[in-house]
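Summary of structural features
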Amino acid sequence: MKQDPQYAPEHLALEAVHRLGPEAAAWADRVRTGQPDLGPEELADLAVRKFVNLARLSGAVSGAAGLAGAVVDVGVLAWTQARLVLHIAAAYGVDPTHPDRATDLLVLQKVHKVAESARLALGVAQGRERAAALLARPNTPLRQALLRLSVKLAQMAGIRAAKRIFAKVVPGAAVILGAWANSSATTDLARRARDHYRRPALTAVPGQRRTD
């Protein structure tokens with residue numbers, strides 16, 4: 001992502017589905033086995049509580065760390081939110097490992113307005129990854145690359161730059177506002193994801209039947 005910050009959200013979405021999709025599927029299977037009476041809504045509730053709390057914690061920690069923690073925080077937050085979306089998908093019986101989940105991430109996190117443009121951008125990002133593996137590319141200056149990366153990831157995580165700056169520079173408010181900004185953005189994303197995955201016409205988890 002540092003080498004190609006323009007497509008940072010797309011790279012993150014692709015990697016999230018690859019790495020986190022199996023984790024989400026295993027979680028849903030484990031919880032269903034241990035608590036067979038839980039329905040999709042209850043499973044989704046568990047996922048939302050877990051990852052909103054994680055987002056709130058990372059916001060508080062970055063607030064205590066000062067402005068330097070902001071770039072790290074938006075990356076951690078975007079990754080946490082990807083885990084949230086994939087766990088919610090698994091809760092509703094939608095396959096979190098399916099490539100379409102990368103498209104879902106980009107649309108739900110409002111990086112792209114529609115699925116078609118998200119798919120196109122993902123294709124471009126995948127092509128650039130393959131090209132980077134074959135061609136020698138000049139390194140982008142670190143500071144400039146990190147700045148562009150932080151802006152893109154903040155966009156993906158639903159955090160407005162003004163909020164983050166305010167949270168970092170107001171004495172005594174950084175920890176509280178950092179936690180609030182993260183939890184607020186993640187709660188909003190959870191609502192959108194639940195509305196999205198309640199729809200029946202999605203790729204289901206193999207071996208499970210959708211009842212909606």
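For the structure given in this document, a descriptive report is provided here. (Residues numbered from 1 in each chain as written. Predicted model: local features only at pLDDT ≥ 70, side-chain atom pairs only at ≥ 80, totals over all residues. Heavy atoms only, no water.)

This next bit is on the overall build of the protein. Broken down by element type, the protein carries eight helices and zero strands. Secondary structure elements of the protein, listed N to C terminal, follow the sequence α-α-α-α-α-α-α-α. Across the 212 residues of the protein, 47% fall into the buried class. (Helix = DSSP H or I, 4+ residues; strand = E, 2+ residues; numbered from the N terminus. Buried < 20%, exposed > 50% of the residue type's maximum accessible area, 1.4 Å probe, protein only.)

Right, let's get into helix α1 (residues 8-34). Compared with an ideal rise of 1.5 Å per residue, which puts 27 residues at 39 Å, α1 spans 37 Å between its outermost C-alpha atoms and is within 8% of the ideal. A bend of about 45 degrees at Leu20 is the largest found in α1, and the proline Pro22 appears one to four places after it. (Expected span 1.5 Å × (residues − 1). Bend = angle between axes of the 7 residues up to and from the residue.)

Of note, the phi angle at Lys110 is positive, near 60 degrees, even though the residue is not glycine. Position of Lys110 among the secondary structure elements: in the loop between α4 (100-108) and α5 (115-134).

With that settled, consider the nonpolar core. Core analysis: the largest hydrophobic core is formed by 41 residues, its most contacted members being Trp27, Leu84, Val85, Ile88, Leu105 and Tyr197. Elements represented by at least two residues in this core include exactly α1, α2 (40-65), α3 (69-91), α4, α5 and α8 (174-197). If you tally residues by element for this core, the top one is α1, at ten residues. (Core = buried A, V, L, I, M, F, W, Y, C linked by side-chain atoms within 4.5 Å.)

A few words on α4. Within α4, seven of the nine residues are buried, which leaves it mostly tucked inside the rest of the structure. Residues of α4 that are buried include every one of Arg101, Ala102, Thr103, Asp104, Leu105, Leu106 and Leu108, and no others. Of the residues one or two after α4, Lys110 is the one with positive phi, at around 60 degrees.

This paragraph deals with the pattern of salt bridges. A full pass over the atoms with the stated rule returns seven salt bridges. Measuring nitrogen to oxygen at the nearest pair gives 2.5 Å for the salt bridge that ties Glu15 to Arg19. Placement of both Glu15 and Arg19 in helix α1 is noted, with a separation of four residues, approximately one turn of the helix. Note on Arg19: relative accessible area 55%, which makes it exposed. Here Arg194 ties to Asp45 by a salt bridge, and the two come within 2.7 Å at their closest N and O atoms. Of the two residues, Arg194 is situated in helix α8 and Asp45 in helix α2; the sequence distance between them amounts to 149 residues. Residue Arg194 is classed as buried on the basis of its relative accessible area, which comes to 11%. (Salt bridge = Lys/Arg side-chain N within 4 Å of Asp/Glu carboxyl O.)

Of note, Arg83 is situated in helix α3. The class for Arg83 is buried, based on a relative accessible area of 19%. Those residues in contact with Arg83 that sit more than four places away from it in its chain are Leu20, Glu23, Lys50, Phe51 and Leu54. (Contact = heavy atoms within 4.5 Å.)

Any functional reading would require information that these geometric values do not contain.
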